[in-house]
Amino acid sequence: MIVGSTTSSVAVSVKRVVSCFILTTTSDTTASTEHWTRENLRIAVFRRKNTMPTFPSHWAGISGSMEEGEEPWETAVRELQEETNLVPTVKPGEYPEAAEETSNKSDNDSGGGPSCEFVKAGGLYLDVPFKPHRNIRVYPFVVRLPYESKANELLELRGTEHDTYEFISVQELEALHPVVPGLAQAFHHATYGQYLARDALPEDVWKWSEDKVNGAATLAKQVIELLAVKHSTTTVDLTTVAMLRPTMVPIVNALLALEERKSKTSEDELDEENEEQQGDSAATCSSTATSNAEEGQLKQQQSARRQSAAGQAIFQSLNQEIERSIQLGAYSLQEMLEEFVVTRKSSNNDDKSPFTIATFSRSSTILNVLKRFLQQPSSSSQEQQEQQSTNIQILCAKSMPGAEGELMAQDLLVVTQKDGPEVTVKCIEDHVLHDLIRTAKNNVQVILVGSDCLMDQQVVNKIGTKAIAEMVAAAKTVNNNSDSNKNQQQATSTRLVCIADRWKLWDDIFAPPLEDIFECVPRDLFDSVLVPP
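Each value, and the rule that gives it
Residues numbered from 1 in each chain as written. Predicted model: local features only at pLDDT ≥ 70, side-chain atom pairs only at ≥ 80, totals over all residues. Heavy atoms only, no water. Helix = DSSP H or I, 4+ residues; strand = E, 2+ residues; numbered from the N terminus. Buried < 20%, exposed > 50% of the residue type's maximum accessible area, 1.4 Å probe, protein only. Contact = heavy atoms within 4.5 Å. Areas by Shrake-Rupley, 256 points an atom, 1.4 Å probe, with all protein chains shown as cover. Core = buried A, V, L, I, M, F, W, Y, C linked by side-chain atoms within 4.5 Å. Pairing = 2+ DSSP bridges. Axes fitted to C-alpha atoms, helices over the stretch in contact; angles between N-to-C directions. pLDDT = per-residue confidence, 0-100. Parallel < 35°, antiparallel > 145°, perpendicular 65-115°, else oblique. Left-handed = near helix turned anticlockwise from the far one by under 90°. Arc of directions from axis to C-beta. Salt bridge = Lys/Arg side-chain N within 4 Å of Asp/Glu carboxyl O. Phe/Tyr/Trp six-rings, centres within 6.5 Å; stacked < 30°, edge-to-face > 60°. Lys NZ or Arg CZ within 6 Å of the ring centre and 35° of its normal. Lys, Arg positive; Asp, Glu negative; His and termini not counted. Polar contact = N/O pair within 3.5 Å; in protein donor to acceptor, adjacent residues only side chain to side chain.

Per the secondary structure count, the protein includes 16 helices and 18 strands. Within the protein, the proportion of its 533 residues that are buried is 48%. Considering only intrachain contacts with a sequence separation of at least 6, the fraction spanning at least 24 residues in the protein is 78%. Element-wise, carbon and sulfur atoms account for 47% of the exposed surface of the protein, whose accessible area totals about 25800 Å².

See the structure below:
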């Protein structure tokens with residue numbers, strides 16, 4: 001099973017499908033999360049009819065192919081309504097378009113069936129090899145029903161694909177046979193690994209996955225170090241680790257790259273082994289238990305070396321791409337400062353206002369861009385003198401609900417300079433930054449944000465980024481409608497800039513699943529999205 005993009009030179013076509021898992025619990029107190037545990041959980045599995053053209057008599061979730069123009073969640077809603085009597089409802093904020101549609105529907109509009117709710121915004125997609133050079137890409141979803149006895153009363157089969165269903169435990173699902181390919185793994189993807197057995201992964205990997213403070217670049221490097229160095233001799237399914245933090249695309253891409261490098265090395269070694277065996281085909285040998293054990297130990301050591309070498313290469317690439325983005329970001333900030341100084345100088349007044357940079361959330365990339373910017377010299381002595389006379393102010397928005405901005409401000413406070421401009425670092429409430437933007441009076445020259453995922457039309461970042469982007473756009477509209485000098489407005493209005501490295505590029509046409517703390521922001525709301533070529 002493969003997640004994320006592939007680096008294979010052979011073109012692989014993709015058939016997109018969804019798979020919906022209907023959950024219930026053995027407890028009748030479904031309101032409390034403590035009753036939705038691995039032990040209490042029950043999952044509905046459906047047996048495909050023996051007349052089905054693919055995977056007849058196999059157990060599956062409610063699944064179906066995506067139609068042209070559909071989003072994955074739309075296919076999920078349609079399939080649930082076609083194959084069962086359930087009427088899916090959508091949690092507000094998860095799928096805004098769907099929430100609006102379902103809230104406007106009456107029971108008669110949807111067939112009057114029992115409602116079920118989407119628990120999460122879908123899990124990380126799963127690529128299942130189906131035919132040579134063709135994968136099935138599964139977008140998994142979860143919906144929830146009341147406790148088991150009630151669920152059996154509510155759920156009815158419709159359509160022509162299944163002849164029966166059962167509610168089974170997680171353990172039974174993991175051992176179920178025959179099933180459509182990747183069924184259990186797709187379930188764990190849909191639930192973000194919440195119902196994995198605790199011993200499925202090393203404890204420090206679980207702890208790493210619970211980090212809600214550090215950004216995607218930092219966490220990607222941390223997990224590569226964990227799996228390629230500390231746990232190089234441990235058998236860990238890398239796609240399982242990737243699905244724990246699916247919104248942070250560098251993690252998914254780095255783990256995929258590690259898996260591909262390992263697999264490629266293993267295939268090359270297997271080819272060499274086969275050639276040796278063919279050249280020695282006439283020879284016979286007998287193996288003792290001791291030699292078998294030694295051979296197994298040798299293979300384990302070779303696998304550990306492969307994983308370690310692959311991890312080192314990926315870690316180096318992560319660092320190189322991050323460094324390129326830091327250089328690009330620092331250079332762009334320097335240009336903005338020079339422009340700010342020239343504009344202020346040409347205004348012929350005694351304006352001593354600082355060059356103000358604001359940040360939102362906590363990003364190691366943005367932190368290092370600011371460090372580099374504050375430490376790099378100006379291009380000439382005259383410019384250096386003028387810029388040194390310009391105070392620099394960095395405002396770190398608190399970034400609720402996680403308050404990561406407080407940590408960002410603490411990180412920046414340790415940045416010191418011997419010969420540079422005076423720098424003031426403040427942590428401010430989010431509403432203070434909002435007010436500074438709304439006044440449209442050039443209180444903030446640039447707002448810097450990082451990214452957890454970059455797509456052609458969207459940027460994924462922490463919740464709150466979209467509101468800031470919309471305020472910046474609205475403030476520009478106010479400025480552009482005023483009667484003052486247009487050129488000066490363009491030079492002094494607040495800019496919203498995203499800085500990211502190439503490991504954050506997402507290969508799919510649909511956004512990755514959004515953890516609760518993330519949101520999608522239209523890319524055209526940014527003045528610049530800086531990604532090294």
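Before going further, it helps to examine the nonpolar core. In this structure, Ile22, Ile224, Leu227, Val241 and Leu255 are the most contacted members of the largest nonpolar core, which totals 62 residues. Listed in part, the 30 residues of the second largest apolar core include Val341, Leu374, Cys396 and Ala409.

Overall, parallel pairing links the 6 strands, which are arranged S12-S11-S10-S13-S16-S18 in an open sheet. Sheet topology places strand S12 (423-428) and strand S18 (528-530) at the edges, where each strand pairs with a single neighbour. In this sheet, adjacent strand axes meet at a mean angle of 20° when their direction is disregarded. Note that strand S13 (residues 446-449) and strand S16 (residues 495-499) share 4 bridges and pair parallel. Bridging from a neighbouring strand, Val446 pairs with Arg495 of S16.

In this section: the confidence of the model for the protein. When pLDDT drops low, the exact placement of atoms in the prediction is not to be read closely. On average, the protein scores 83 in pLDDT, and the residues at 70 or more come to 78%. Low confidence marks residues 1-8, where pLDDT is under 50. Its contacts with residues over four positions away, or in another chain, come to 33 contacts. Between residues 96-110, whose pLDDT stays under 50, and residues either more than four places distant or in other chains, the model counts 11 contacts.

For the rest of this paragraph, the subject is helix H5 (residues 183-190). Counting buried residues along H5, 8 of its 8 residues qualify, which places the element largely inside the surrounding structure. Taken as a whole, H5 has its buried residues at Leu183, Ala184, Gln185, Ala186, Phe187, His188, His189 and Ala190. Where H5 ends, the next residue or the one after it, Tyr192, has phi of about 55°, a positive value.

What follows concerns the pairing of strand S7 (residues 126-131). Where S7 and strand S8 (residues 134-144) come together, 5 bridges link them in antiparallel fashion. Within S8, the position partnered with Lys131 by the bridge is Arg134. Remark: 2 residues form the turn of the hairpin made by S7 and S8, two consecutive strands paired antiparallel; His133 in that turn has positive phi of roughly 60°.

Our next topic: the packing of helix H11 (residues 364-375) against helix H13 (residues 404-413). One can describe the packing of H11 onto H13 by two numbers: an axis separation of 11 Å at closest approach and a directional angle of 30°. Looking at the two axes, H11 sits roughly parallel to H13. H13 is crossed by H11, and the crossing has right-handed handedness. For the pair H11 and H13, the contacting residues are Ile366, Leu367 and Leu370 in the first and Met408, Asp411 and Leu412 in the second.

Moving on, we get to H13. Within the sequence span of H13, burial applies to Glu404, Gly405, Met408, Ala409, Asp411 and Leu412. The arc that holds the buried residues of H13, viewed along the axis, is 160°, so those residues lie on one side.

A separate point is the pattern of salt bridges. Pairing between side chains of opposite charge can happen when the charged atoms of each approach one another. This model, assessed by the stated rule, comprises 23 salt bridges. One salt bridge in this structure joins Arg495 and Glu339, with 2.4 Å as the shortest N-O distance. Of this pair, Arg495 sits in strand S16 while Glu339 sits in helix H10 (residues 289-346), and the two are 156 residues apart along the sequence. On the accessibility criterion, Glu339 (29% relative accessible area) is partly exposed. Counted as one network, the salt bridges with shared partners bring together Glu67, Glu70, Arg78, Glu79 and Glu82.

The next point concerns the sheet that holds strand S15 (residues 458-462). Sheet strands pair via backbone hydrogen bonds, and the direction of the pair is either parallel or antiparallel. Pairing is antiparallel across the open sheet formed by 3 strands, whose spatial order is S14-S15-S17. Single-partner strands in this sheet number two, and they are strand S14 (453-454) and strand S17 (518-522). Looking at chain direction, S14 and S15 are connected through 2 bridges and run antiparallel. Counted as the bridge partner of Cys453 is Val460 from S15.

It is worth spelling out the packing of aromatic side chains at this point. Given two aromatic rings, their pairing is described by the distance between the two centres and the angle made by the two planes. If you walk through the whole model with that rule in mind, you get 10 aromatic pairs. Positioned above the aromatic ring of Tyr125, the side-chain terminus of Arg137 is 4.1 Å from the ring centre.

Tracing the backbone shows Asp211 in the loop between helix H6 (203-209) and helix H7 (216-230). In this structure, Asp211 is buried with no salt-bridge partner, the nearest side chain bearing the opposite charge being Arg245 at 5.9 Å. Polar side-chain contacts of Asp211 include one of 2.8 Å to the side chain of Asn214. Setting aside anything within four residues of it in sequence, one finds Asp211 in contact with Leu219, Gln222 and Arg245.

Turning our eyes to something else, we now look at the side chain of Asp411. Its location among the elements puts Asp411 in helix H13. The class for Asp411 is buried, based on a relative accessible area of 18%. Side-chain polar atoms of Asp411 contact the side chain of Arg362, separated by 2.9 Å. Residues within four places of Asp411 in sequence aside, it is in contact with Arg362 and Leu367.

In terms of burial, strand S11 (residues 392-397) is largely enclosed, as 6 of its 6 residues are buried. Along S11, one buried face is formed by Ile392, Ile394 and Cys396 and the opposite face, lined by Gln393, Leu395 and Ala397, is buried too. As defined by bridge partners, strand S10 (residues 355-360) adjoins S11 across 6 bridges and the pair is classed as parallel. Across the sheet, Ile357 pairs through a bridge with Ile394, a residue of S11. Sheet topology note: the S11/S12 ladder contains 6 bridges and is parallel. Of the residues in S12, the one forming a bridge with Cys396 is Cys427.

A word on the environment of Val138. Secondary-structure assignment places Val138 in strand S8. As a C-alpha pair, Val138 and Tyr125 span 13 residues in sequence and 5.4 Å in three-dimensional space. When near neighbours in sequence (up to four residues on either side) are disregarded, Val138 contacts Val17, Ser19, Tyr125, Leu126, Val128 and Ala186.

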